[in-house]
Amino acid sequence: MTPGATHDEGRAVSFDDDATEHAPELSTPLGSEEDLRAVPDASGETPRVLVLGATGYLGGRLVPRLLAGGYRVRVLSRSAARVAEMPWSGALDVVEGDASDAGVVAEAMRGVDIVYHLVHSMYGGRDYDAVDRGIARHVADAAAAEGVRRIIYLGGLHPDDAKLSHHLESRREVGTILLDSPTPTLVLNAGVVIGSGSASFEMIRHLTEVLPYMPAPKWVRNRIQPIAVRDVLHYLLAAARVPDDVNREYDIGGPDVMTYAEMMNGYAAAAGLPKRGITAIPVLSPSLASHWVGLVTPVPHQIARPLVESLLHNCVVEGDPVSDVIPPPEGGLTSYDDSLRWAIGRVEIDQVETSWVDASVMGAPSEPMPSDPDWAGRTVFTDSRSKKSSAMPGAVWRVLSQVGGETGWYSASVLWAVRGFMDRLAGGVGLRRGRRTTRRIRVGDAVDVWRVEHVDRGRLLRLRAEMRVPGKAWLELAVDPTENGSVYRQRAVFFPRGLTGRLYWLAMLPFHGLVFSGMVNRIVAEAEGTARSRKRRSSRARRKAARRESASA
């Protein structure tokens, strides 16, 4: 099948979970292929696998494929509630805790045969390298104590003879710690990963779409070797079947070696855009370039910087070929052009499995909203509004659950845009982060400057603010049934921090009057309009059916 704007070749793999609201179909590899499936031992039992980073971009794609391949899967996650929202959650074990806690890692490692180490701190603070080293040592120690057969680590493609960026050096150091451990380890160093929802793809996509001409750092001329996300998944799945005595690292990349400028114009061609003019200039440092990317694209500079730094050197596959231990996928590796077409196609039909936008934001509030009784004596400001509607609760829910991203916030779009831009200038995530998909929402999803904290499907959506504010904020959107339709309820909750927080709320009050009242009115109007349209379509369908019956009588 030729790549294009379709969902993907291959059949769907489904997991039984009524709460998933049409989870995306899995693209190839499915994990059930003969050369990727789990190999049972003499007793007929398949290996137990522990995945660290299961809710991340690659981990969220790997886990359902491991399950489809017959592996017994356990995940270590800081949020069991977030894992519970995944379509595959009912088919595995969950250990809740932080990988930086040695005791938690030891507990998760019990009875495990294979470990996938897919965590690294791209969004981390100044000490992220120390955190990553600590996690690697916990994994190495626990794996050795439990007699784990294999550790699989995904590192970053890097040259052997150059001074590496802080981020790439940290990735290399983690790989070294695991390779030096008593447990056989396979390190796969991947190039720029291209797939729907990947940070690298989104950076290329938005830079190319926004800028017809781009003055760029000189590293746009460096040679790099991108790899399709499907090929990364192939290598990760196949790594579980590599002989136990293999303890080494391999570089993995796609079939094309190109410059970043060629990658951008490759996207332009795939998206039907004119060729972009790109001029290399010697004055943009990685820091300045990452801030520039943060302003032009939805990718915040905290994530853009390690991506930019990974382009500072020629990064191509070196050393012994990975094919010595893992054969390439059937049909060969995916070309850059094909990987772009697949990614664009998945975005166009809103079938993005996982996305960089859902990565945890270091330093962002993570505590749930306190329970209501008098707010435990704390100062709290609220803005509560409601409106009755003739639309049924389901119609209102469909509208409110699609808030944010390309849909927007149903009111005062200029004010929302200004607030998001201010957040980006302050080092926050900003409004343009968007959301993974318009049609589905689950706990842990990012929605512009918010994070989904709680979902009671058909009734309540609670969002926790990740924007830079002097306090902690939440926004609740809810719908309740009434005798003749429904009532839409909306509540903003703000716990101020000191005098600055109180002044901030007072300064925002005039804007709240415009923004929040507009949201209430527009959401109800949208729901009622949609309900009327569906009613008219249903009525026309009934009339046509009646005429056909009359004509055949």
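Before any of the text, the structure's been laid out above.
Residues numbered from 1 in each chain as written. Predicted model: local features only at pLDDT ≥ 70, side-chain atom pairs only at ≥ 80, totals over all residues. Heavy atoms only, no water.

Caption draft 1: Examining the pairing of strand S19 (residues 485–496) more closely. Burial of S19 is extensive: 11 of the 12 residues sit out of reach of the surface. Where strand S18 (residues 471–482) meets S19, 12 bridges bridge the pair, whose relative direction is antiparallel. The residue bridging Lys-472 from the neighbouring strand is Phe-495, located in S19. In this antiparallel pair of consecutive strands, S18 and S19, the connection spans 2 residues. (Buried < 20%, exposed > 50% of the residue type's maximum accessible area, 1.4 Å probe, protein only. Helix = DSSP H or I, 4+ residues; strand = E, 2+ residues; numbered from the N terminus. Pairing = 2+ DSSP bridges.)

Caption draft 2: Local environment of the layout of surface pockets. The volume enclosed by the second largest pocket comes to roughly 540 Å³. Lining the second largest pocket are 23 residues; nearest its centre among them are Arg-205, Glu-406, Arg-433, Gly-434 and Arg-435. For the lining of the second largest pocket, the secondary-structure elements that each account for two or more residues are helix H6 (199–210) and helix H11 (336–348). Counting residues per element, the lining of the second largest pocket draws most heavily on H6, at 3 residues. (1 Å grid on protein atoms, 1.4 Å probe; cavity = no way out; pocket = protein on both sides within 12 Å on 5 of 7 lines; lining within 4 Å. Points joined across faces, edges and corners; volume = space filled by probe spheres on them.)

Caption draft 3: Structural detail: helix H8 (residues 260–270). The buried fraction of H8 amounts to 8 of the 11 residues, a majority that puts the element mostly inside the structure. One or two residues past the end of H8 sits Gly-272, with phi positive at roughly 75°.

Caption draft 4: Region of the structure containing the environment of Ala-239. In this fold, Ala-239 is placed in helix H7 (residues 229–239). The buried category is assigned to Ala-239, whose relative accessible area is 0%. Sequence spacing of Ala-239 and Val-95 is 144 residues, and the spatial spacing of their C-alpha atoms is 23 Å. Apart from the residues lying within four places of it in its own chain, the contact partners of Ala-239 are Arg-150, Ile-152, Leu-186, Leu-188 and Ile-326. (Contact = heavy atoms within 4.5 Å.)

Caption draft 5: Up close: a negative patch on the surface. Side chains of Asp-160, Asp-161, Glu-249 and Glu-318 sit close together on the surface and give a patch of like negative charge. Examined against the element boundaries, Asp-161 turns out to sit in the loop between strand S5 (150–156) and helix H5 (166–179). What makes Asp-161 exposed here is its relative accessible area of 71%. (Patch = residues over 30% accessible without salt bridge, like charges linked within 9 Å, V, L, I, M, F, W, Y side chains within 5 Å. Areas by Shrake-Rupley, 256 points an atom, 1.4 Å probe, with all protein chains shown as cover. Salt bridge = Lys/Arg side-chain N within 4 Å of Asp/Glu carboxyl O. Lys, Arg positive; Asp, Glu negative; His and termini not counted. Charge placed at Lys NZ, Arg CZ, Asp CG, Glu CD.)

Caption draft 6: Highlighting unusual backbone geometry. Going from Thr-28 to Pro-29, the amide bond is cis rather than trans, its omega being 0°. Along the chain, Pro-29 turns up in the segment before strand S1 (48–52). Positive phi values are uncommon outside glycine, yet Asp-350 reaches one of about 60°. By secondary structure assignment, the location of Asp-350 is in the loop between H11 and strand S14 (381–389). The exposure class of Asp-350 is buried, given its relative accessible area of 14%. With phi around 55°, Asp-448 is a residue other than glycine that occupies positive phi space. Tracing the sequence through the fold places Asp-448 in the loop between strand S15 (446–447) and strand S16 (450–456). For Asp-448, a relative accessible area of 2% corresponds to the buried category.

Caption draft 7: Main features of the pattern of salt bridges. Counted according to the given criterion, the structure contains 25 salt bridges. Residue Asp-445 is joined to Arg-436 by a salt bridge in which the shortest nitrogen-to-oxygen separation is 3.6 Å. Using a relative accessible area of 6% as the deciding quantity, one classes Arg-436 as buried. Overlapping salt bridges, with partners in common, bring together Glu-453, Arg-462, Arg-464, Glu-476 and Arg-491 in one network.

Caption draft 8: Examining the packing of helix H3 (residues 102–109) against helix H4 (residues 128–146) more closely. Packing of H3 against H4 brings their axes to within 9 Å, and their N-to-C directions diverge by 40°. By the angle between their axes, H3 is oblique relative to H4. Note that H3 runs across H4; the crossing there is right-handed. Facing Ala-102, Val-105, Ala-106 and Met-109 of H3, the residues of H4 in contact are His-138, Val-139, Ala-142, Ala-143 and Glu-146. (Axes fitted to C-alpha atoms, helices over the stretch in contact; angles between N-to-C directions. Parallel < 35°, antiparallel > 145°, perpendicular 65-115°, else oblique. Left-handed = near helix turned anticlockwise from the far one by under 90°.)

Caption draft 9: Layout of a nonpolar patch on the surface. Taken together, Leu-499, Leu-503, Leu-506 and Leu-509 make up a surface patch of nonpolar side chains, about 400 Å² in accessible area. Here Leu-506 lies in helix H14 (residues 498–552). By relative accessible area, Leu-506 is classed as exposed at 51%.

Caption draft 10: Focus on the sheet that holds S18. One open sheet accounts for 6 strands, arranged S14-S19-S18-S17-S16-S15; its pairing is antiparallel. The two strands at the open ends of the sheet, each matched to only one other strand, are S14 and S15. Where S16 lies against strand S17 (residues 460–465), 6 bridges are found, and the strand directions are antiparallel. Of the residues in S17, the one forming a bridge with Val-455 is Leu-461.

Caption draft 11: View of the sheet that holds strand S11 (residues 248–252). Within the open sheet, the 7 strands sit side by side as S3-S2-S1-S4-S5-S6-S11. Their pairing is parallel. The open sheet has two edge strands with one neighbour each: strand S3 (93–96) and S11. With direction set aside, neighbouring strand axes in the sheet form an average angle of 20°. Direction of pairing for S1 relative to strand S2 (residues 72–77): parallel, over a ladder of 5 bridges. Paired with Arg-48 across the bridge in S2 is Arg-72. Against the sheet, H3 touches S1, S2, S3 and strand S4 (114–117), its axis set at about 170° to S2.

Caption draft 12: Representation of the nonpolar core. Counting 43 residues, the largest nonpolar core has Val-51, Tyr-116 and Leu-188 as the members making the most contacts within it. Secondary structure elements with two or more residues in this core: S1, helix H1 (59–68), S2, S4, S5, strand S6 (185–190), H7 and S11. Per-element accounting of this core gives the leading share, 8 residues, to H7. Once residues within four sequence positions are removed from consideration, Val-51 is found in contact with Val-63, Leu-66, Val-73, Arg-74, Val-75, Leu-76, Tyr-116 and Leu-118. In this structure, Val-449, Leu-477, Val-520 and Val-524 belong to the second largest nonpolar core, which totals 39 residues. (Core = buried A, V, L, I, M, F, W, Y, C linked by side-chain atoms within 4.5 Å.)

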